[in-house]
Amino acid sequence: MRYSVFSILNQALRGNTGWKPVWREPEPRPAYDIIIVGGGGHGLATAYYLSNVYGITNVAVLEKGYLGSGNIGRNTTIIRSNYLLDGNEPFYEMSLKLWEGLEQDFNYNAMVSQRGVLNLYHSDGQRDAYARRGNAMILNGADAELIDQDRVRAMYPFLDFDNGRFPIQGGLLQRRGGSVRHDGVAWGYARGADSRGVDIIQHCEVQGFIMEGGTCVGVETSRGPIRANRVGVAAAGSSSRVMEQAGMRLPIESHVLQAFVSEGLKPIIPGVITYGAGHFYISQSDKGGLVFGGDIDGYNSYAQRGNLPILEHVCEGGMALMPAIGKARMVRSWGGIMDMSMDGSPIIDRTPIDGLYLNAGWCYGGFKATPASGYCFAHLLATGEPHDNAAAYRLDRFRSGAVIDEKGSGAQPNLH
Amino acid sequence: MLINHPLLGPRDAAEFTCFGDASLLLRPDPGPNGEPDQAAMDAFHDYLHLRDNPAGTHQELWYHEQGDRSWLVVTRDTINHSIIKVELARNVKARNLKTREGAG
Amino acid sequence: MDADFRLKGGLINRRKPLDFSFNGAGLSGYAGDTLASALLANGRHFVGRSFKYHRPRGILSAGVEEPNALVTIGTGAMADPNIRATVAELYDGMVARSQNHLGSLEWDLLSVNDAFSPLFGAGFYYKTFMWPAAFWEKLYEPMIRRAAGLGALSGQDDPSRYDKGYRHCDLLVIGSGPAGLMAALTAGRAGLRVILAEQDFIMGGRLNAERERIDGMPGAEWAAKACAELTAMDNVMMMPRTTIYGAYDHGVYGALERITDHLNDGEDGDGGDQPRQILWRIYSRRAVLAAGSIERPIAFGHNDRPGIMLAGSVREYANRYAVAAGRRVIVFTNNNDGWRTAHDLRSRGVEVAALIDTRSDIDLPAPAGVRVIQGSAITDTKGRTRVRSITLMSGEELACDSVAVSGGWSPTVHLTCHHRGRPKWDASIAGFIPAGEIPPGMDVIGAAAGKMATSEALQGGITAGTSAARDLGGKTVKMAMPDCEDRAFGIDPVWHIPSSRARAWVDFQNDVTTKDIRQSHLEGFRSVEHLKRYTTLGMATDQGKTANIPGLAVMAEISGKSMDEVGTTIFRPPYTPVPIGAFAGRGRGPDFMPTRIPPSHRWAEERGAVFVETGLWLRAQWYPQPGETHWRESVDREVIATRSSVGICDVSTLGKIDIKGADAGEFVNRVYANGFAKLPVGKVRYGLMLRDDGFVMDDGTTARMAENHFIMTTTTANAGGVYRHLEYCRQCLWPELDVALISATDQSAQFAVAGPNSRRLLEKIVDDGVDLSNAAFPFMACGAITICGGVEARLFRISFSGELAYELAVPARFGDALARVLMQAGEEFGVTPYGTEALNVMRIEKGHATANELNGQTSAHHLGMGRMLSPNKDFIGRIMAHRPELTRGDGIRLVGLKPVDPAKMLSAGAHFLEADAPSRASHDLGWMSSVAYSPILNSSIGLGFVKNGYERMNSTVRAVDFMRGTDIEVEITSPHFIDPEGRRLHD
């Protein structure tokens, strides 16, 4: 069913009783061309681009829970392409361009909203580092502006310009950055893939890989064995658990990242803003909730919940930056499992096992990457070759030293 | 979280910095000086980058940064965060050095 | 005089009348009222508008579950939006306003949305607003955003103060109803350290809302007596107005205590010495959750009109607050509890027009004079801003001005789910009860555990208290079970009335109706999480406390599943919303982070220094002189003075690590990439430190003070990180080495004394017998000396500026004095203090790398220090430093850069491109990492990384800075701009 003003009017007249399921609930077939393990944002996007761009529709997406139940459904919804390093920036810029055309492409309003992402700087050194980054963004075809304190003040008059511990000197602004309604992304991709014939199979847990002569030819699942020519794993925080079943150890640790949302409030924060002297960033959703977060808790966890020290630390950063939010009340906190990689950058690559492909290591930046990740993973699965924009995301980079370490923290996943 | 420091008793985890998998204690044999051989390169690659990352019992390093600066090996469940054991890292390392010598 | 709807009795203080205003109208209530009870006493039900359809909404409940009665309390910067009137303790002078309307509350222009509600079904926005694409951000979204939210922040800095605190106890009791009180009494008498936390401003929970008797006295009186006993115990801490908002790991609970919210503290928030709220972290050995249960509504046609309330709340308003919900109340129930409300209202003289029970053949005593209608239901209601009548299934219409609805009670299991416990369905009470991974050490008792009878609650308290006492070493106490009256719990769950054709609300605040749930099911959003996310069910400020269970039940019914199969969404902290300001506490403004000041800070202040934040440190950036109007004038002067005579600079912020032990030499040799084994006593060496992944971690100088004693310095930024790394190496990698470390950064004040006259200056302050001649104390010498007549000091002949220079360290307490002594002694040389800017200029002139170059992404080869990697030893980072990308010959190299036109100014962050190359990343040659203006060279100079930089030496490239709009031709040079041979160092 195509969505339009007319479909809504038509349904309104019929008491909204004629809507069709957005996706089917198919039984798994015995074999597919391609199986995607993981029905989160990246897995669903991969299926969407396989079916819509690469013409491969004999595809199954296997999801342990309900579709979109992972980090696509619990993040702070920010999109941006303000990366420094050459390995990253072309990929994230590709992603941002895909976001810009996404809704018309999949006929679903995911509320892509380019209200600007502003990263504040508080010292000359930070300003120069942002200048380097902004210039790298321009060289990669993205947009970036380095703005001074006056321009920051014009955009966000209620920041603590006068009394703060760390003076706000200015910021790096990417106007094309913004936010997206996260669940809508999962649903839009699922609907778009399903309509092309992709089977999205929920509540189907992968319990092992079927190997023949060293080649992966399918998966064992809670709903029986399913064979495939190629298997792509896009299991985010569960990547290590899934790949362990193929005997692989990954350059990944799973950590908890908390995020927070306040009660709905009348609009006060127009765009996305990141504090440069503490772990805090914030935006306001279209429903009025202040959506904010900071750093990971710092310890390995699969618990999908965090603890108080980081929560309090994030709020301290918030109050240091904008004391006007003191009376806004946090209504929900949650934790997601982050697949923190050893250099803070992701992996989209073949594995040493024929037929088995990996998409992992997104740290806490996976949401904005969803379209490009799906596109590039689809490209890899369809052609067997890495997409140009994801060419740096190889597993062997830790051997060669071609790491993509934006923060320069080294092989210490909880510092990225 | 509370970490029961072997010397100081229970301390809030906020006093500590977590450094991940305690397999970092097992730094591989670097081999002869100068240009390393492939075996050493491989061993260090795995040591520094590859992780079991278990969902369950996990031995990990915590540094008492806002305290006595001990490095601890904490055995903790990554699913429910319960702590099973806390030891001084130097004792754990000394123990496995001894084991290695015994084996050698 | 009492307001119109005030009854007799209650727990309010009639001797303390309070004046307040709502939307400008002056009203009055009593101490002990909430805003909601005071409004109801004045006959005011209609107090708000719903989120989506802007429908008139009244007070639904008497507690934290309130979805409708959200108001803004206070004015100016103290305006506090989205306050639930039902828990706002009334104070004299309270100013409350309704929210979320365009125009007045009564005539809200946005209520037009309601007329178009068929268009705004579940998830309508996912299906439209897409054409044309550009219109989303320009038209549709701004329109939606304008309608967003309920209350508004003032936009001013929050003037309230918030504190944080830590408390420890054996047993934390959460909730002070019969179960919690009994648990606290038992544990308290057993001698345990008990904290009893209650979100309400009076203790007693439902006992204050009911008329039942315990031990022969009214429940509220029994509760007060129990509280008196508890208050008298030294080992028990009573915490009213305290919400336990979260259960964290290892017995840690988050608590929010409201200190001044019930006081009138005016617009500036200056409530005296008290903080507004205190965020407590409570460390408990055990916890008892006695949080009771929350009543839920039934979804029938137009069940959202003002005047339609929860039956238990209607009862609470009558009994506790002495307020009648209306003059003609209709009770509608699917369980026995509704009957209680009818009885209590009658006994207080309120007319009950009908008691409607969805069940048939119920044999309960009927309240006198009340028409009981069994086996029926309300299908619709009328009344725009207040319910006026209801329609029964039979079609009969009954007039009323209030409806008390009971759809049953849901145990308050929220905290049991904070460790991802998944509650299970208990059909006998038609509610979810705790199950799965409840937080370790937590007992759940009373209604929170699905034990609905008062006797079960009391007994649960005794059992939990006794078990805690037994396990935690308390005394054995014999507890007598109080006498109490139980009422049989009976329910036949009816969630919605299928024969209702009108819209029936499930989530009042977010306007989710049973039709939305039906549509959600139709479209495939059937799992509870999909339902929640697609319809926004339970995502409002009330977190679905009344909406979730009915919503899930309707979904279960539509999809033909059991409640257990459907399950619940996950309850997450906080239990009720907590202000961001409270989580932050005092960590805001200048107190966000501590400020570290070097030993000479006061002296620098006296000299009028301009300071700069470097990490947590506040350092002197330059020292302006009278007449200097631009910072460059000051910095140029400081550089020239230093290079031509002598300058001093406080460098105490550098990290200093004291290393001692028989294996100290071996240890230092292993942590640095270059050789240290042969460093003689009395000498200093530059050291390059790698991470084990082969990238450069830090650099600094290390002095061998004695055979087994080294002093290492680190960069200011990495002081903590390097120390941590060394402790890691010592404890985790090489415990067999005999070595001890201590961070000594704060122990000493260290000054650079630099410039051709530095030796002559120092000679004036060192004690007799200290020989500073080049022969006795050459470049890179170090030693312990005394100065100024016996002050112990350490002297290092090292130079960051490239001049003849020393660093002189004294105990930190002499730092201020040393600055003054140096200035005095140096007067004849025109000694000049210099700040971090001049320091930076001089290090760039010398080509020294700092944080801009040692950014964690560069290797020794990138920095031009590849040859420092010792081939004769093992060291941290050795193996991985040989990875091809770290050593490749055509990789980036640190070089110097000069504008071809000396009038041009370089900018850090610029990227390098060939003269004719397009502005594309594929042609990017590197970047400028540091720039400075050299008053010696009279030119802007820079350091930067250039691909294949050594091959490009003396060639030119463009330094392109899109951010600042510059494009400058620069020459690639050696990074050593001044004295490349280092002659001055050795003078």
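Given the structure is predicted, the values throughout are model-derived calculations rather than measurements. (Residues numbered from 1 in each chain as written. Chains lettered and ligands numbered in written order. Predicted model: local features only at pLDDT ≥ 70, side-chain atom pairs only at ≥ 80, totals over all residues. Heavy atoms only, no water.)

(A) The overall build of chain A, seen in detail. Per the secondary structure count, chain A includes ten helices and 18 strands. Taken over C-alpha atoms, the radius of gyration comes to 21 Å for chain A, in line with the 22 Å a tight globule of 416 residues would show. Overall size of chain A, expressed as C-alpha extent along the three principal axes, is 65 × 65 × 40 Å. Restricting the contact set of chain A to residue pairs at least 6 apart, pairs at least 24 apart contribute 74%. Here chain A has roughly 11700 Å² of accessible surface; of this, 50% comes from carbon and sulfur atoms. Charge-centre separation for chain A: the mean point of 38 positive side chains lies 5 Å from the mean point of 41 negative side chains. (Helix = DSSP H or I, 4+ residues; strand = E, 2+ residues; numbered from the N terminus. Rg over C-alpha atoms; globule rule 2.2 N^0.38 Å. Contact = heavy atoms within 4.5 Å. Areas by Shrake-Rupley, 256 points an atom, 1.4 Å probe, with all protein chains shown as cover. Lys, Arg positive; Asp, Glu negative; His and termini not counted. Charge placed at Lys NZ, Arg CZ, Asp CG, Glu CD.)

(B) Focus on the packing of aromatic side chains. A full pass over the atoms with the stated rule returns 50 aromatic pairs over all chains. When the centroid spacing of 5.6 Å and the interplanar angle of 50° are considered together, the rings of Tyr275 of chain A and Phe592 of chain C count as tilted. With Tyr275 of chain A in the loop between strand 13 (272–274) and strand 14 (281–284) and Phe592 of chain C in the loop between helix 13 (580–584) and helix 14 (601–606), the pair connects residues from two separate chains. When its relative accessible area of 5% is taken as the criterion, Tyr275 of chain A is described as buried. (Phe/Tyr/Trp six-rings, centres within 6.5 Å; stacked < 30°, edge-to-face > 60°. Buried < 20%, exposed > 50% of the residue type's maximum accessible area, 1.4 Å probe, protein only.)

(C) A look at the sheet that holds strand 19 (residues 351–357) of chain C. Residue and element names in this part refer to chain C. Read from one edge of the open sheet, five strands run 17-24-18-19-20, paired in parallel fashion. The outermost strands of the open sheet, each flanked by one partner alone, are strand 17 (308–310) and strand 20 (372–374). Sheet twist, expressed as the average angle between the axes of neighbouring strands with direction ignored, equals 20°. Alignment of strand 18 (residues 328–333) against strand 24 (residues 402–406), held across five bridges, turns out to be parallel. If you follow Val329 over to strand 24, its bridge partner there is Ser402. The sheet contacts of helix 6 (residues 311–319) involve strand 17 and strand 24, and relative to strand 17 the element is tilted by about 85°. (Pairing = 2+ DSSP bridges. Axes fitted to C-alpha atoms, helices over the stretch in contact; angles between N-to-C directions.)

(D) Local environment of the domain arrangement of chain A. Residue and element names in this part refer to chain A. Taken domain by domain, chain A holds domain 1 (27–77 + 182–251 + 343–415) and domain 2 (115–176 + 253–341). In this structure, domain 1 and domain 2 have C-alpha centres spaced 29 Å apart. Contacts between the two partners involve 21 residues from domain 1 and, on the opposite side, 23 residues from domain 2. Taken together, both faces of the contact between domain 1 and domain 2 bury some 1900 Å²; the carbon and sulfur share is 52%. The largest contributions to the domain 1 side of the interface with domain 2 come from Thr76, Tyr364 and Pro413, which together make up 33% of the buried area. Our count for the domain 1 to domain 2 interface comes out at zero salt bridges. On inspection of domain 1 and its partner domain 2, the count reaches eleven residue pairs in polar contact (both at pLDDT 80 or more). Here the side of domain 1 that touches domain 2 is built from residues that sort into seven nonpolar, ten polar and four charged. (Domains from an automatic or database assignment. Buried area = accessible area lost by both parts, 1.4 Å probe. Salt bridge = Lys/Arg side-chain N within 4 Å of Asp/Glu carboxyl O. Polar contact = N/O pair within 3.5 Å; in protein donor to acceptor, adjacent residues only side chain to side chain. Nonpolar A, V, L, I, M, F, W, Y, C, P; charged D, E, K, R; others polar.)

(E) Spatial organisation of the nonpolar core. Among the nonpolar cores identified, the biggest contains 73 residues, and Phe91, Trp99, Trp187, Tyr189 and Ile348 of chain A are the most heavily contacted of them. Of all the elements in the fold, those that place two or more residues in this core are strand 1 (31–37), helix 2 (41–52), strand 2 (59–62), helix 3 (89–106), helix 6 (182–195) and helix 9 (366–383) of chain A together with helix 3 (135–146) of chain C. (Core = buried A, V, L, I, M, F, W, Y, C linked by side-chain atoms within 4.5 Å.)

(F) Highlighting the sheet that holds strand 3 (residues 17–21) of chain B. All names here are of chain B. In space, the four strands of this open sheet follow the order 3-4-5-6, with antiparallel pairing throughout. Two strands bound the open sheet, and with one partner strand each, they are strand 3 and strand 6 (83–88). Neighbour-to-neighbour, the strand axes of this sheet turn through a mean angle of 25°, independent of strand direction. As paired elements, strand 4 (residues 57–63) and strand 5 (residues 71–77) share seven bridges and run antiparallel to each other. What sits directly across from Thr57, in strand 5, is Asp77.

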